[in-house]
Amino acid sequence: MRQHTLAPTTHTTELHQVREINATLATGRRRLTAGSVVAPSRVPRDSVLRRLQAEGPPSYPYVFGLFEVPGGAQPARVELHTDQLRATSDQLSLRSHAWGF
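Per-chain numbering applies: the sequence of each chain, read as written, is numbered from 1 onward. Per-residue local features of the predicted model are confined to residues with pLDDT of at least 70, and side-chain atom pairs are confined, for both listing and counting, to 80 or more; whole-chain, interface and lining totals are unaffected and use all residues. The basis for every side-chain value is the complete set of non-hydrogen atoms in the structure, without hydrogens or water.

1. Details of the sheet that holds strand 3 (residues 76-80)
Next, step 1: If DSSP finds at least two bridges between two strands, the strands pair. Each helix corresponds to a stretch of at least 4 residues labelled H or I by DSSP, and each strand to a stretch of at least 2 residues labelled E; elements are numbered beginning at the N terminus. Reading across the sheet, the three strands line up as 1-2-3 and stay open at both edges, with antiparallel pairing between neighbours. Every other strand in the sheet has two partners, leaving strand 1 (48-55) and strand 3 as the edge strands with one partner each. Between one strand axis and the next, the sheet turns by 30° as a mean value, whatever way the strands run.
Next, step 2: Bridge analysis of strand 1 against strand 2 (residues 62-68) gives seven bridges, and the strand direction is antiparallel. If you follow Ala54 over to strand 2, its bridge partner there is Val63.
Next, step 3: Against the sheet, helix 2 (residues 82-91) touches strand 1, strand 2 and strand 3, its axis set at about 105° to strand 3. Helix axes use the C-alpha atoms of the stretch in contact, all axes being lines fitted to C-alpha atoms, and the angles between their N-to-C directions lie in the range 0 to 180 degrees. Residue contacts are counted whenever heavy atoms from the two residues lie within 4.5 Å of one another.

2. A word on the nonpolar core
Next, step 1: The definition of a nonpolar core used throughout is a set of buried Ala, Val, Leu, Ile, Met, Phe, Trp, Tyr and Cys residues joined through side-chain atoms within 4.5 Å. Remark: exposure states derive from per-residue accessible area (1.4 Å probe, protein chains only) relative to the maximum for the residue type, with buried under 20%, exposed over 50%, and partly exposed in between. Core analysis: the biggest nonpolar cluster contains 19 residues, and Leu52, Phe67 and Leu80 have the highest contact counts within it.
Next, step 2: Those elements giving two or more residues to this core turn out to be helix 1 (8-26), strand 1, strand 2 and strand 3.
Next, step 3: Apart from residues no more than four positions distant in its own chain, Phe67 is found in contact with Thr33, Ala34, Val37, Ala39, Val43, Ser47, Val48, Leu49, Pro75, Ala76, Val78 and Leu80.

3. Notes on the environment of Asp83
Next, step 1: Mapped onto the elements of the fold, Asp83 is located in helix 2.
Next, step 2: Looking at Asp83, the relative accessible area reads 59%, which means it is exposed.
Next, step 3: In this structure the C-alpha to C-alpha distance between Asp83 and Val38, which are 45 residues apart in sequence, comes to 8.4 Å.

The following block contains the structure:
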């Protein structure tokens, strides 16, 4: 059986999108909350998304959101899935992102 490999551009697409989201969040112009991106329910809805982190293989990384929890508690780190990443990109007006294709 012949091994199939991904195109080199595929390896960096999601990582590029994570960097672009982080750069946009860092400007402070937009404030996304756990409620607005429909993060898992264990994160208070008014927690603010500060940044994304990608872990794992570049071809298919796991993407985590770091949320600042009200009251100064430890930041919440939760895995975000395709629908949540799409919501994040849409709310930041990053229309070129195609999560989960």
